[in-house]
Amino acid sequence: MAEPLTDTAERPGAGTTGGKTSAPSRPWLFAGVRLLGLLARRALLLAVLLATLFAAVELLPGDAATATAERGESATDLAERRHLLGLDRPVLERFADWMTGLPTGDLGTSARGEPVADLLSRPFPNTLLLGGLALLVTLLASLALGGWAALRPGGRTDRAISGSATAVLALPEFVVGVALVLVFAQWLEWLPAVTLADSDGAPASWQMLVLPVVALSIPQIGWNTRIVRAALADEARAPHVETAVLDGLPSHRVLLHHVLPGALPAIAAGLATSTGMLLGGAVVVETIFNYPGLGAVLAGAVTDRDSPVIAGVVAVTGAVITGVLLLADLVRAWASGGRL
């Protein structure tokens, strides 16, 4: 029977130098500094993206004053509206003013005179609910499918799961959504095709969430199943896993207790990447299912050439994605003993 693996802290002399125990907090301190650096770089990247959005909206034909003008308004009225919206100022100056309010939660005012923070307060939780449920379904399904394929590498199950994952990965969300509506809403009449909102602006029933969540999840399940399968296959070659197999442990125990922990960093990174894809795909899925989320707000803002609203949507979704990426970095640091 092979000697069980033990942590270095349990062996005599481990983690010592000249008879003195090294400070165990140093790796985590270094990891904390690295995480702060990553967070600063991501915040800078988000700021560059927001500046690019302001510039892109400026290049579109027309502006917010003309897009939101009522029929019959004169040139004088339009000029006054442009002045009230600050459109007669340089775009860089307007962006700088908008960014100064961002740390305090002030997202500016829309072209129709409504505070952007209030405009996003109702649909944003709905989009978070949709994306969160889709991420949970993606996690559970990809772990189950990737683990099932890893139990029999090279077998029929492995080939079938890997092939199916590649196929669904290439499917856009709108194709999946339309197919689900056709099958489950039109033909079988099991689930509603559109989402109705209650008095609070949330979906009226849980059945209305099923098709949007599934449509959003399927492509990401394909992507993450491949990541899980590859991460488990790489970790299965580790010496401690081979020792567990030689000890005669059952396959499922080897997978859960010896292979999966080492594969967690790669799996967490894949899921973090999927967060951005899920929130981006939510705009399309919300349009298909008439879901009361940020998709309709963003579509209306683009039509109105409304830079503060567009930037506000990107800012709040970017903050969520940054938080998930930070969580993935923490999982990676934990799995590697404080090293990033």
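Residues numbered from 1 in each chain as written. Predicted model: local features only at pLDDT ≥ 70, side-chain atom pairs only at ≥ 80, totals over all residues. Heavy atoms only, no water.

Peer 1: Sorry if this is basic, but what is going on with unusual backbone geometry here?
Peer 2: What is expected of a backbone is that most residues other than glycine have negative phi and most peptide bonds are trans. You will see that Glu189, though not glycine, has its phi angle at about 55°, which is positive. Positive phi, close to 55°, is recorded for Asn290, a residue that is not glycine. Within the fold, Asn290 resides in the loop between helix 11 (251–288) and helix 12 (294–303). Residue class for Asn290 comes out partly exposed when judged on its relative accessible area of 49%. (Helix = DSSP H or I, 4+ residues; strand = E, 2+ residues; numbered from the N terminus. Buried < 20%, exposed > 50% of the residue type's maximum accessible area, 1.4 Å probe, protein only.)

Peer 1: Quick question: what am I supposed to make of the nonpolar core here?
Peer 2: Soluble globular proteins: nonpolar side chains tend toward being buried together. Grouped together as the largest cluster of nonpolar side chains are 21 residues, with contacts concentrated most on Leu50, Trp98, Leu107, Leu120, Leu294 and Val316. Counting only elements with at least two residues in this core, the list comes to helix 1 (26–59), helix 4 (91–101), helix 5 (116–121), helix 12 and helix 13 (307–335). Looking at which element gives the most residues to this core, the answer is helix 13, with seven residues. Ignoring anything within four residues of it in the chain, the contact list for Leu50 reads Phe95, Trp98, Met99, Leu102, Ala311, Val314 and Ala315. Listed in part, the 17 residues of the second largest apolar core include Val176, Leu180, Val285 and Tyr291. (Core = buried A, V, L, I, M, F, W, Y, C linked by side-chain atoms within 4.5 Å. Contact = heavy atoms within 4.5 Å.)

Peer 1: I'm lost on the confidence of the model for the chain in this one. Help?
Peer 2: Atom-level detail of predicted coordinates should not be read off regions where pLDDT is low. Per-chain confidence: the chain averages 84 in pLDDT, with 89% of residues scoring 70 or above. Low pLDDT (under 50) marks residues 1–24, which in the prediction has 11 contacts with non-local residues, meaning those over four places away or in another chain. (pLDDT = per-residue confidence, 0-100.)

Peer 1: Help me understand the side chain of Asp158 in this model?
Peer 2: Structurally, the position occupied by Asp158 is in helix 7 (residues 156–169). Excluding its chain neighbours within four sequence positions, the residues that come into contact with Asp158 are Ala149, Arg152, Pro153 and Arg229.

Peer 1: Hey, could you run me through the packing of helix 6 (residues 123–151) against helix 7 in this one?
Peer 2: When two helices pack together, their arrangement is captured by the angle between the axes and the distance separating the axes. Helix 7 packs onto helix 6 with a crossing angle of 145° between their chain directions and a minimal axis gap of 7 Å. Like other packed secondary-structure pairs, helix 6 and helix 7 cross with a definite hand, here left-handed. Two secondary-structure elements touch here, helix 6 through Leu145, Trp148 and Ala149 and helix 7 through Thr157, Asp158 and Ile161. (Axes fitted to C-alpha atoms, helices over the stretch in contact; angles between N-to-C directions. Left-handed = near helix turned anticlockwise from the far one by under 90°.)

Peer 1: Explain a nonpolar patch on the surface here, please?
Peer 2: Side chains of Leu171, Phe174, Val175 and Val284 sit close together on the surface and give an oily, nonpolar patch of about 300 Å² of accessible area. You can see Val175 is positioned in helix 8 (residues 173–187). (Patch = residues over 30% accessible without salt bridge, like charges linked within 9 Å, V, L, I, M, F, W, Y side chains within 5 Å. Areas by Shrake-Rupley, 256 points an atom, 1.4 Å probe, with all protein chains shown as cover. Salt bridge = Lys/Arg side-chain N within 4 Å of Asp/Glu carboxyl O.)

Peer 1: Looking at this structure, how should I read the packing of aromatic side chains?
Peer 2: Think of a pair of aromatic rings as described by two things: how far the centres are apart, and how the planes are tilted against each other in angle. In the structure shown here, the tally under the stated rule is three aromatic pairs. For the pair Phe54 and Phe95, a centre-to-centre distance of 5.2 Å together with 65° between the ring planes defines the contact as edge-to-face. Pair noted here: Phe54 is in helix 1 and Phe95 is in helix 4, with a separation of 41 residues, a long-range link. By the burial criterion, Phe54 is buried, and Phe95 matches it. Each ring, one from Phe184 and one from Trp190, has its centre 6.0 Å from the other, and the planes form 45°; the classification is tilted. A relative accessible area of 27% means that Phe184 is categorised as partly exposed. Note on Trp190: relative accessible area 60%, which makes it exposed. Through pairs of rings, three or more aromatic residues link up here, namely Phe54, Phe95 and Trp98. (Phe/Tyr/Trp six-rings, centres within 6.5 Å; stacked < 30°, edge-to-face > 60°.)

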